[in-house]
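Observations on the three-dimensional arrangement
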Amino acid sequence: MGIKDQFEDKAQELKERGKKAMGGAKEEASQRASQAREGSQEAKERAQREARERTERGRGGREA
């Protein structure tokens, strides 16, 4: 195997590593975005629930 072949093999190996790393980074970014969306949905639901509870407590105090 000549030096040229060794360099070509190394270049191909690095190219494949780069593609693999990019795929992993994209997957990680996708997972983080999904978690952020889920977290924001949970926060929205929690805020709505707390608002309902405050409203119900306010009504209960006036009715009694």
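Quick look at the structure, then. Given the structure is predicted, the values throughout are model-derived calculations rather than measurements. Residue numbers run consecutively from 1 along every chain, following the written order of its sequence. Restriction of local features to residues with pLDDT of at least 70 applies here, the model being predicted, together with a cutoff of 80 or more for giving and counting side-chain atom pairs; totals for whole chains, interfaces and linings are based on all residues. Note: side-chain values were computed over all heavy atoms of the structure, leaving out hydrogens and water.

**Observations regarding the overall build of the protein chain**
The helix and strand tally for the protein chain stands at one helix and zero strands. Radius of gyration here is computed from C-alpha atoms only, and the compact-globule reference equals 2.2 Å multiplied by the residue count raised to the power 0.38. Taking 11 Å as the expected radius of gyration for a compact globule of 64 residues, we find that the protein chain reaches 28 Å, considerably beyond that expectation. Overall, the C-alpha framework of the protein chain stretches about 95 × 10 × 5 Å when taken along its three principal axes. A burial count over the protein chain gives 0% of its 64 residues as buried. Distance between charge centres in the protein chain, computed from 17 positive and 14 negative side chains, equals 5 Å. By the criteria applied, helices consist of DSSP H or I runs no shorter than four residues and strands consist of E runs no shorter than two, each listed in order from the N terminus. Only protein chains enter the accessibility calculation, which uses a 1.4 Å probe; a residue is then buried when its area is under 20% of its type maximum, exposed when over 50%, and partly exposed in between. Positive charges come from Lys and Arg alone, negative charges from Asp and Glu alone, with His and the N- and C-terminal ends not counted. Positions of charges follow a simple convention, taking NZ of Lys, CZ of Arg, CG of Asp or CD of Glu.

**Points about the pattern of salt bridges**
Pairs can form between side chains of opposite charge once their charged atoms are near each other. Salt-bridge detection follows one rule: a side-chain nitrogen of Lys or Arg within 4 Å of a carboxyl oxygen of Asp or Glu. A complete count under the given rule lists two salt bridges for this structure. The salt bridge partner of Glu-13 is Arg-17, with a shortest N-O separation of 2.6 Å. You can see Glu-13 and its partner Arg-17 sitting in helix H1 (residues 3-63), four residues apart, about one turn around the helix. When its relative accessible area of 33% is taken as the criterion, Glu-13 is described as partly exposed. A salt bridge links Arg-32 to Glu-28, with the shortest nitrogen-to-oxygen separation between them at 2.8 Å. In this pair, Arg-32 and Glu-28 both sit in helix H1, four residues apart, roughly one turn of the helix.

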